[in-house]
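# Summary of structural features
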Amino acid sequence: MRYLTAGESHGPQQTTIVEGVPANMELLEEDINKELRRRQGGYGRGRRMQIEKDKVQFLSGVRHGKTTGAPITMVVENNDFKSWEQIMGSEPLTEEEEKNVKRKISRPRPGHADLNGAIKYNHRDMRNVLERSSARETTARVCAGALAKKVLQTFGIDVGGQVLEIGGIEAEDIEYKDIYDLKERTESSPVRCLDKSAEEKMMQAIDDAKQKGDSIGGVVQTVITGVPVGMGSHVQYDRKLDSKIAGAVMSINAFKGVEVGIGFDAASIPGSQVHDEIAWDQDQGYYRKSNNLGGFEGGMTTGMPLVIQGVMKPIPTLYKPLQSVDIESKEPFNASIERSDSCAVPAASVVMENVIAFEVAQGLLDMFGSDRVDAIQQNITEHFKWAREF
Ligand code: EPS
């Protein structure tokens, strides 16, 4: 599978084309819409989310509730486009219209793509950069990810996640029974956190940041269960599944770091306490007695749950001004804005689940074929049996 996204934040729509989805997979718009709803929620979102009611429309590749094997085109309208038709229109403006359209953006916001993109592409109006670099694009990525989640779910693989930290408030390590329990409990939390006492403090931290015109970041975790052993490969650098996942996570807007399993903690713990001992029993075949390595050894899945953390920086669009330079006058000014989220960490945890789901689904189809659901299922069932008895 591969995908491309297109669309500007205040343009007419977000578009996603996914190619290589197996034929005969059951797929409804609701499978995508439920992920879109999850992405739109979460404590700390700004006014834009009241304008948008993201809903997907399939324009190709799905017929009578099933995939055909052809590329799947998904679109989500930007409701806000109604207020931006002239500013974001594709046709040249008349002189009269030009006068009515808001002035060009010549003031780059620190922390955004504005200045680098403007220099790179020679845009004196930085709107040409910021419209595409906006995290609105994560809508389109969630469309691709929701489709991938459906692929995974078809073959018994489940994806969940939780928020571990917001603005310096860390959640306690709370136990959960299984991934369904994790999903149910985080779903009912406004910050997608298992730890109820941290949840309250996180919400308070978001309120405080908002009141001060500031923003806060955090740490989110994705967990995937039911994976077969051996997805990815040790034989070539660009086939290691953990590295593909790391790349996907780092490509989410505002993400600055990624960890697999215990991640950075491995630097300070002796190897005897890091590596997961191998065991075997009749029921599950080979397994690890712990899962410090987050389900990966040698760039391949071990069959243990995949556990990945991502770090999101505070959103750089701030009410509180930061110093910058106007590219026309070269004079300093204070960059501030009228509308923003003060924290998008809960939403980012949904985005992370989805971009990782895509890489894992891709790894699954690489290993077991990608044409038709029945053949893939047969291959997976045989592989589980074979690996257990190996
Ligand atoms: C974003 C700025 C805000 C967010 C937007 C991401 O949009 P606006 O500039 O219209 O106020 O609401 O996020 C979304 C629209 C979304 O769907 O998540 C940015 O600059 O990245």
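Cut-offs used in this document
- Residues numbered from 1 in each chain as written.
- Predicted model: local features only at pLDDT ≥ 70, side-chain atom pairs only at ≥ 80, totals over all residues.
- Heavy atoms only, no water.
- UniProt positions renumbered as here; feature names shortened; annotations may be inferred.
- Near = heavy atom within 4 Å.
- Polar contact = N/O pair within 3.5 Å; in protein donor to acceptor, adjacent residues only side chain to side chain.
- Nonpolar A, V, L, I, M, F, W, Y, C, P; charged D, E, K, R; others polar.
- Pairing = 2+ DSSP bridges.
- Helix = DSSP H or I, 4+ residues; strand = E, 2+ residues; numbered from the N terminus.
- Axes fitted to C-alpha atoms, helices over the stretch in contact; angles between N-to-C directions.
- Contact = heavy atoms within 4.5 Å.
- Patch = residues over 30% accessible without salt bridge, like charges linked within 9 Å, V, L, I, M, F, W, Y side chains within 5 Å.
- Areas by Shrake-Rupley, 256 points an atom, 1.4 Å probe, with all protein chains shown as cover.
- Salt bridge = Lys/Arg side-chain N within 4 Å of Asp/Glu carboxyl O.
- Buried < 20%, exposed > 50% of the residue type's maximum accessible area, 1.4 Å probe, protein only.
- Phe/Tyr/Trp six-rings, centres within 6.5 Å; stacked < 30°, edge-to-face > 60°.
- Lys NZ or Arg CZ within 6 Å of the ring centre and 35° of its normal.
- Lys, Arg positive; Asp, Glu negative; His and termini not counted.
- Charge placed at Lys NZ, Arg CZ, Asp CG, Glu CD.

In the annotation of an unreviewed UniProt entry, the protein is listed under the name Chorismate synthase and assigned to Salibacterium salarium. Recorded under Catalytic activity (unreviewed entry), the UniProt text for the protein is reproduced unchanged: "5-O-(1-carboxyvinyl)-3-phosphoshikimate = chorismate + phosphate". In the Sequence similarities (unreviewed entry) part of its UniProt record, the protein is described as follows: "Belongs to the chorismate synthase family."

### Thoughts on the site of the ligand
In the vicinity of the ligand, the contacting residues are His10, Arg39, Arg45, Arg48, Met49, His112, Ser134, Ala135, Arg136, Thr139 and Arg339. Arg48 is positioned such that a nitrogen or oxygen atom in its side chain is 2.7 Å from an oxygen atom of the ligand. Within the contact set of the ligand, an oxygen atom lies 3.5 Å away from a side-chain nitrogen or oxygen of Ser134. Residue classes in the shell around the ligand are distributed as 2 nonpolar, 4 polar and 5 charged.

### Quick word on the sheet that holds strand β6 (residues 72-77)
Read across the open sheet, the 4 strands follow the order β1-β2-β6-β3; overall the sheet is antiparallel. One side of each edge strand has no neighbouring strand; the edge strands of this open sheet are β1 (2-6) and β3 (56-60). Averaged over all adjacent pairs, the angle separating strand axes in this sheet is 20°, with direction ignored. Bridge count between β3 and β6: 4 bridges; the pairing is antiparallel. Looking at the pairing, Val56 lines up with Val76 of β6. Along the sheet, helix α7 (residues 138-154) contacts β1, β2 (13-19), β3 and β6; its crossing angle with β2, the most-contacted strand, is approximately 30°.

### Let's talk about a nonpolar patch on the surface
A contiguous nonpolar surface patch, about 640 Å² in accessible area, is contributed by Ile278, Trp280, Tyr286, Trp386 and Phe390. Inspection of the secondary structure puts Phe390 in the segment after α13 (373-389). Using a relative accessible area of 63% as the deciding quantity, one classes Phe390 as exposed.

### Focus: the pairing of strand β9 (residues 218-225)
Within β9, 8 of the 8 residues are buried, leaving the element largely enclosed by the surrounding structure. Note: strand β7 (residues 158-166) against β9, 8 bridges, orientation antiparallel. Each residue of the ladder has a partner; that of Glu165, found in β9, is Val219. The pairing of β9 with strand β15 (residues 306-312) spans 7 bridges and is antiparallel. Each residue of the ladder has a partner; that of Val223, found in β15, is Val307.

### Overview of the pattern of salt bridges
The final tally for this structure, using the stated rule, is 26 salt bridges. Here Asp374 ties to Arg372 by a salt bridge, and the two come within 2.8 Å at their closest N and O atoms. Judged by its relative accessible area of 42%, Arg372 falls in the partly exposed class. Overlapping salt bridges bring together Arg39, Arg48, Glu52, Asp54, Asp80, Arg136 and Arg339 as one network.

### Observations concerning the packing of aromatic side chains
Inspection of every chain in the model, using the stated rule, returns 2 aromatic pairs. Lying over the aromatic face of Phe333, Arg107 brings its terminal NZ or CZ to 4.4 Å of the ring centre. A cation over an aromatic ring shows up here: Lys120 above the ring of Tyr121, its NZ or CZ 5.4 Å from the ring centre.

### Points about the UniProt feature "binding site: FMN" (unreviewed entry) in the protein
According to UniProt, the feature "binding site: FMN" (unreviewed entry) maps to Arg132, Ser133, Ser134, Asn253, Ala254, Gly298, Lys313, Pro314, Ile315, Pro316, Thr317 and Arg339 in the numbering used here. Spatial dispersion of the annotated residues is evident: they stretch over 208 residues in sequence, and the largest pairwise C-alpha distance comes to 44.9 Å. Turning to its location among the elements, Lys313 is positioned in the loop between β15 and β16 (322-325). A relative accessible area of 25% means that Lys313 is categorised as partly exposed.

### A word on a negative patch on the surface
A contiguous patch of negative charge, built from Glu170, Glu172, Asp173 and Glu175, is present on the exposed surface. With respect to the secondary-structure elements, Glu172 resides in the loop between β8 (169-170) and α8 (179-187).

### Quick notes on unusual backbone geometry
It is generally the case that most residues other than glycine have a negative phi and that most peptide bonds are trans. Even without a glycine there, the phi angle at His64 is positive, about 50°. Note on His64: relative accessible area 72%, which makes it exposed. A positive phi angle, close to 60°, is found at Lys330, a residue other than glycine. As for its position among the elements, Lys330 is in the loop between β16 and β17 (332-335). For Lys330, a relative accessible area of 58% gives the class exposed.

### Quick word on the UniProt feature "binding site: NADP(+)" (unreviewed entry) in the protein
In the UniProt entry, the feature "binding site: NADP(+)" (unreviewed entry) is given for Arg39 and Arg45. What makes Arg39 buried here is its relative accessible area of 3%. Not counting residues within four places of it along the chain, the set of residues in contact with Arg39 comprises Arg45, Met49, Asp54, Ala135, Arg136, Thr138, Thr139, Val142, Ala347, Val350 and Val351. As for its position among the elements, Arg45 is in the loop between α1 (29-40) and α2 (48-51). The residues contacting Arg45, other than those within four sequence positions of it, are Arg39, Gln40, Asp341, Cys343, Ala344 and Ala347. A distance of 3.4 Å separates the side chain of Arg45 from the backbone oxygen of Arg39, its partner in a polar contact.

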